[in-house]
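A look at the structure
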Amino acid sequence: YYQINNIRAGGLLPYKIQNNKLYILINEEYHNKKLVNNSLGGKVDLDDHNIEETIVREFTEETGYLLTDFKNDIYKKITKSNDRIKLDKAKYIGILYKISKKNKKIWNILPKLYSEIFKGKLVLSHQESIKLKWFDVFNDDMKSNSYLLNLLIWRIRKMKKFKKFNKYKKNFKNKNDGCLFLE
């Protein structure tokens, strides 16, 4: 495995707020022959100079290169972003990326566009996503999620900036309260 500053992998967590709900863009992919929801990310490659390059490259691959025009904008924003979730044991960093209002339309139709283009096509080695979808962070069922995605979601749920979207309104006082998944 390649590493950058003791990090082996990373993912982009594009998010939007719609109808007073918080959504992140995720994918469905095969993991150990089982279809699971997962974050849009992957492992560091030899040619990656920093984790942000890894994240943008992996995001671009997993979304079928449909948002290649946004690569530079995404890279610029995430290199400055403090909205990071570091999972030490997994050696993983997830970076939240807020969808801009001016680009919301393309992001909203991305899952449908991806399905129309890739449905029924031979799954290529670079096409890891079977499906893209928006996941309601506080309301959707987490049973079909990968362990990694559940860790990320629990961290997002505990972020102060997203507290108002929590329908359960429970304030978690210490790090692992309310978390079924310990890192």
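Reading the values: rules and limits
- Residues numbered from 1 in each chain as written.
- Predicted model: local features only at pLDDT ≥ 70, side-chain atom pairs only at ≥ 80, totals over all residues.
- Heavy atoms only, no water.
- Helix = DSSP H or I, 4+ residues; strand = E, 2+ residues; numbered from the N terminus.
- Buried < 20%, exposed > 50% of the residue type's maximum accessible area, 1.4 Å probe, protein only.
- Contact = heavy atoms within 4.5 Å.
- Areas by Shrake-Rupley, 256 points an atom, 1.4 Å probe, with all protein chains shown as cover.
- Expected span 1.5 Å × (residues − 1).
- Polar contact = N/O pair within 3.5 Å; in protein donor to acceptor, adjacent residues only side chain to side chain.
- Phe/Tyr/Trp six-rings, centres within 6.5 Å; stacked < 30°, edge-to-face > 60°.
- Axes fitted to C-alpha atoms, helices over the stretch in contact; angles between N-to-C directions.
- Left-handed = near helix turned anticlockwise from the far one by under 90°.
- pLDDT = per-residue confidence, 0-100.

Let's shift gears to the overall build of the protein. Of regular secondary structure, the protein possesses four helices and seven strands. Reading the protein from its N terminus to its C terminus gives the helix and strand order β-β-β-β-α-α-β-β-α-β-α. Here the protein holds 183 residues, and 47% of them are scored as buried. Expressed as a percentage of contacts within the protein between residues at least 6 apart in sequence, the contacts between residues at least 24 apart total 67%. Approximately 10,700 Å² of the protein is accessible, and the part contributed by carbon and sulfur atoms is 51%.

Now for helix H1 (residues 51–62). Compared with the 16 Å implied by 1.5 Å per residue over twelve residues, the 16 Å span of H1 between its first and last C-alpha is a close match. In terms of burial, H1 is a largely internal element, eleven of the twelve residues being buried. All of the buried residues along H1 are Ile 51, Glu 52, Thr 54, Ile 55, Val 56, Arg 57, Glu 58, Phe 59, Thr 60, Glu 61 and Glu 62. Structurally, the start of H1 carries an N-cap: the backbone nitrogen of Glu 52 is 3.2 Å from a side-chain oxygen of Asn 50.

The subject of this paragraph is the packing of aromatic side chains. To describe a pair of aromatic rings, you give the distance between the ring centres and the angle between the ring planes. Under the criterion given, the structure shown has five aromatic pairs. Ring centres of Tyr 15 and Phe 162 lie 5.2 Å apart, and the angle between their planes is 80 degrees; this geometry places the pair in the edge-to-face category. Linking Tyr 15 in strand E1 (residues 9–18) with Phe 162 in the segment after helix H4 (147–157), this pair joins segments that are 147 residues apart in sequence. The exposure class assigned to Tyr 15 is buried, which follows from its relative accessible area of 4%. In this structure Phe 162 comes out as buried when scored by relative accessible area, which is 1%. An angle of 40 degrees between the planes, with centres 5.8 Å apart, marks the rings of Tyr 97 and Trp 107 as tilted. Here the residue Tyr 97 occupies a position in strand E6 (residues 92–98), and Trp 107 occupies one in helix H3 (residues 104–118), the gap between them amounting to ten residues. For the pair Tyr 97 and Trp 107, one class covers both residues: buried. Grouping aromatic residues by their ring pairs yields a cluster made of Phe 59, Phe 70, Tyr 97 and Trp 107.

This paragraph deals with the packing of H1 against helix H2 (residues 71–80). Packing of H1 against H2 brings their axes to within 10 Å, and their N-to-C directions diverge by 145 degrees. With respect to the hand of their crossing, H1 and H2 are arranged in right-handed fashion. Residues Glu 52, Glu 53, Ile 55, Val 56, Phe 59 and Thr 60 of H1 lie in contact with H2, whose contacting residues are Lys 71, Ile 74, Tyr 75, Ile 78 and Thr 79.

Looking now at the confidence of the model for the protein. In the predicted model, the protein carries a mean pLDDT of 88, and the fraction of residues at 70 or more is 87%. A low-confidence stretch, residues 174–183 (pLDDT under 50), is modelled with 26 contacts involving residues beyond four sequence positions or located in other chains.

Further remarks concern the side chain of Arg 57. With respect to the element layout, Arg 57 can be found in helix H1. For Arg 57, the contacting residues outside a window of four places in its chain are Lys 43, Val 44, Asp 45 and Asp 48.

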